[in-house]
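The primary structure of each chain is shown beneath.
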Amino acid sequence: MTTTYAALLRGINVGGNRKVPMADLRALLTGLGHTDVRTHLQSGQAVFAAARGDEESLAAELARAVGERFGFPVDVIVRDHAYLRSVIDDCPFPAATLEARQLHVTYYSGPVGAERFAGIDRTAHLPEEFRLGDRALYLYAPDGLGRSRLADVLARPRLTKGLIATSRNWNTVVKLAELTAP
């Protein structure tokens, strides 16, 4: 039996740096023995079916293979359809009424607790807001991520220490759940 997963590669193909062509990523995943390999956009999303492994071992395997193939380290998070669907279902913001550029999800490699973010003055960043979920952080940024002061604060290394963190806009969040659906 196979399970379909999404792989989220952090920090590739941004600003012309750390280039990973999607055709090469698909070939790499196929070479690792995965099937039904597809990519979404150029910013580091791949979908694949695997008959073995779990999210953590598949992420480690892909990170190692990408590093060997392209010559630079890449952090990878792998999640299955049930998790991706739950991120959508558990969204604390009215996603259906927002523009995709206003709502983002940061996926984490492990659990994140409120204590990590206790030092952030939430009122200083209004109307921007964030809420925590299962290994995820939801960010509402009405003017978009590029103009978000709160996004900069949330990305500080002391807040993400010990974790891999990678963000996606709401359109990509929804698309990855669709692409991994049985």
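Before reading further, recall that the structure is shown in the block above.
What counts, and where the lines are drawn
Residue numbering note: each chain is counted from 1, following its sequence as written. Residue-level local features of this predicted model are given only where pLDDT is at least 70; pairs of side-chain atoms are given and counted only at 80 or more, and the full residue set underlies all totals for whole chains, interfaces and linings. Only hydrogens and water are set aside; all other atoms, that is, all heavy atoms of the structure, feed into the side-chain values. The distinction between a cavity and a pocket rests on a 1 Å grid over the protein atoms alone: a 1.4 Å probe fits inside a cavity but cannot get out, while a pocket stays open yet meets protein on both sides within 12 Å along at least five of seven lines, and a residue with an atom within 4 Å of a point counts as lining. Grid points are joined across faces, edges and corners, and a volume is the space filled by probe spheres set on the points. Working definition: helices are DSSP H or I runs of at least four residues, strands are E runs of at least two. Numbering for both runs from the N terminus. The residue classification treats Ala, Val, Leu, Ile, Met, Phe, Trp, Tyr, Cys and Pro as nonpolar and Asp, Glu, Lys and Arg as charged. All others, Gly included, are polar. DSSP bridges decide pairing: two strands pair if at least two such bridges lie between them. Axis definition: a line fitted to C-alpha atoms, over the contacting stretch in the case of helices. Angles run 0 to 180 degrees between N-to-C directions. Contact definition: two residues touch when any of their heavy atoms are within 4.5 Å. What makes a nonpolar core is a set of buried Ala, Val, Leu, Ile, Met, Phe, Trp, Tyr and Cys residues whose side-chain atoms join them at distances within 4.5 Å. Each residue gets one of three labels from its accessible area relative to the maximum for its type: buried under 20%, exposed over 50%, partly exposed in between, using a 1.4 Å probe on protein chains only. Geometric relationships in this document are graded by angle, where less than 35 degrees denotes roughly parallel, more than 145 denotes roughly antiparallel, 65 to 115 denotes roughly perpendicular, and other angles denote oblique. Note: crossing handedness is left-handed where the near helix turns anticlockwise from the far helix by less than a right angle, and right-handed where it turns clockwise.

Asker: Sorry, what's going on with the layout of surface pockets here?
Answerer: Where empty space is left can be seen by rolling a probe of water-molecule size over the atoms. Its volume calculated, the largest pocket comes out at about 550 Å³. When residues of the lining of the largest pocket are traced back to their parent elements, those giving at least two are strand E5 (103-108), strand E7 (136-140), helix H4 (149-154) and strand E8 (165-169). Among the elements that take part in the lining of the largest pocket, E8 stands out by supplying five residues, more than any other. Across the lining of the largest pocket, the residue classes tally to 13 nonpolar, ten polar and four charged.

Asker: Sorry, what's going on with the sheet that holds E8 here?
Answerer: The strands that make up a sheet are held in pairs by hydrogen bonds between backbone atoms, and each pair lies either parallel or antiparallel. Sheet architecture is open: four strands sit in the order E6-E7-E5-E8, paired in antiparallel fashion. Of all the strands in the sheet, just strand E6 (129-133) and E8 have a single pairing partner and so form its edges. Between one strand axis and the next, the sheet turns by 20° as a mean value, whatever way the strands run. As judged from the five bridges shared by E5 and E8, these two strands associate in the antiparallel manner. Bridging from a neighbouring strand, Thr106 pairs with Ser167 of E8. Contacts from helix H3 (residues 81-89) reach E5 and E7 within the one sheet, and its direction differs from that of E5 by about 140°. Each of E5, E7 and E8 touches helix H6 (residues 170-180); the most contacted strand, E8, lies at about 95° to it.

Asker: Sorry if this is basic, but what is going on with the nonpolar core here?
Answerer: Most often, soluble globular proteins keep nonpolar side chains buried together rather than apart. Grouped together as the largest cluster of nonpolar side chains are 24 residues, with contacts concentrated most on Val105, Tyr107 and Trp170. Where this core is concerned, the elements lending two or more residues are strand E1 (3-9), H3, E5, E7 and H6. If one sorts the elements of this core by residue count, H6 sits on top with five residues. When near neighbours in sequence (up to four residues on either side) are disregarded, Tyr107 contacts Leu8, Ile77, Tyr83, Leu84, Val87, Arg135, Ile164, Ala165, Thr166, Arg168 and Val173. Counting residues in hydrophobic clusters, the runner-up holds 23 residues, among them Val37, Ala46, Leu62 and Val74.

Asker: I tried to follow the packing of helix H1 (residues 22-31) against helix H2 (residues 55-70) on my own but got confused; where do I start?
Answerer: Each pair of packed helices can be described by the angle between their axes along with the distance between the axes. Running from amino to carboxyl end, H1 crosses H2 at an angle of 125°, the nearest separation of the two axes being 11 Å. The angle between H1 and H2 places the two elements in the oblique class. Seen along the crossing, H1 lies across H2 with a hand that is right-handed. Along its contact with H1, which presents Asp24, Leu25, Leu28 and Leu29, the element H2 presents Leu62, Ala65, Val66, Arg69 and Phe70. Partitioned by chemical class, the residues of the contact of H1 with H2 number seven nonpolar, no polar and two charged.

Treat this as a map of the structure, not an account of what it does.
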